[in-house]
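Residues per chain are reported as follows:
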Amino acid sequence: MRIVRHIPNAITCLNLISGCIASVAAVRDDLWLALIWILAAAVFDFFDGFAARLLHAPSSIGKELDSLADVVSFGVAPGMIVYSLLAYLSGGLPFGVLNDYLPYGAFVIPAFSALRLAKFNLDPRQATSFIGLPVPAHALFWASLGYSVGPMLLGYGTLAALLLLALALGTSILLISEIPMFSLKMKSLAFRGNELRYVLVAGGIVFIALWRLDGILPTAALYLILALVSGLCTRPSGSEGKLPKQ
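Residues numbered from 1 in each chain as written. Predicted model: local features only at pLDDT ≥ 70, side-chain atom pairs only at ≥ 80, totals over all residues. Heavy atoms only, no water.

(A) View of helix α1 (residues 7-27). The terminal C-alpha atoms of α1 lie 31 Å apart, and with 21 residues this matches the ideal 30 Å at 1.5 Å per residue to within 8%. Among all positions in α1, only P8, N9, I11, T12, N15, S18, G19, A22, S23, A25 and A26 are buried. Contact partners of the buried residues in α1: α2 (31-54) and α3 (60-90). At the C-terminal side of α1, D29 shows a positive phi close to 65°. (Helix = DSSP H or I, 4+ residues; strand = E, 2+ residues; numbered from the N terminus. Expected span 1.5 Å × (residues − 1). Buried < 20%, exposed > 50% of the residue type's maximum accessible area, 1.4 Å probe, protein only. Contact = heavy atoms within 4.5 Å.)

Dropping the structure here:
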């Protein structure tokens with residue numbers, strides 16, 4: 001059926017719409033709603049590719065649309081969350097006229113996210129794993145941090161603002177780094193070869209069972225730690241950050 005081939009792209013559009021709603025929620029300082037819609041975007045982002053494979057309906061348009069949607073949902077939306085936090089803090093900072101411009105530092109997140117996605121689309125090494133931090137994980141880290149820790153940071157003024165800016169820049173650089181990071185795609189259910197994935201899933205279940213939505217932040221942090229440690233330990237020496245051919 002002709003309509004079937006449009007289902008994956010329709011799901012991708014739901015990803016994009018979710019990112020738009022998350023961005024509006026962030027501007028309105030509703031960080032809970034922003035987190036919910038970024039989570040929804042991540043779900044749609046998973047199922048659009050799944051639907052394309054299941055329905056045998058891959059398309060070049062779908063690949064480009066997916067990247068555009070991801071820029072909004074996993075680049076602009078988390079950037080707006082950080083912007084919202086910095087905008088709140090900027091009124092009490094001692095930087096004079098720079099206070100009005102400091103929140104714009106949050107936009108390193110969408111800029112580096114777009115660069116990450118462009119690199120991913122052109123990099124044949126990332127068929128089964130990632131090189132650099134994937135944008136959905138990065139977005140979920142910032143969305144959960146804004147929801148769980150953001151309100152507490154607002155009481156620390158200048159220190160919190162500088163910390164947010166430094167962290168935004170640091171995690172954004174990880175997006176385009178040459179550090180290998182594991183994906184959640186599994187070729188089999190065997191424990192061997194999937195150890196990190198099972199550790200992450202088990203940790204996520206425990207964290208979310210204990211703290212509900214607040215458990216997303218330690219889950220995202222656990223992925224970041226596991227991915228960084230495994231990537232730095234397995235990167236070949238003298239390879240200038242390049243993975244060997246598969």
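(B) How the structure looks around a nonpolar patch on the surface. A surface patch of nonpolar side chains, about 630 Å² in accessible area, is lined by I7, V43, F46, F47, F50, L54 and L55. Tracing the chain through its elements places L54 in helix α2. Judged by its relative accessible area of 56%, L54 is exposed. (Patch = residues over 30% accessible without salt bridge, like charges linked within 9 Å, V, L, I, M, F, W, Y side chains within 5 Å. Areas by Shrake-Rupley, 256 points an atom, 1.4 Å probe, with all protein chains shown as cover. Salt bridge = Lys/Arg side-chain N within 4 Å of Asp/Glu carboxyl O.)

(C) The packing of aromatic side chains, seen in detail. For the structure shown, the criterion picks out 12 aromatic pairs. With centroids separated by 6.3 Å and ring planes inclined at 15°, the aromatic side chains of F46 and F50 adopt a geometry described as stacked. Of this pair, F46 and F50 both sit in helix α2, 4 residues apart, roughly one helical turn. According to the relative accessible area criterion, F50 is partly exposed, its value standing at 38%. Members of the aromatic cluster, each reached through a chain of ring pairs, are Y83, Y101, Y104 and F107. (Phe/Tyr/Trp six-rings, centres within 6.5 Å; stacked < 30°, edge-to-face > 60°.)

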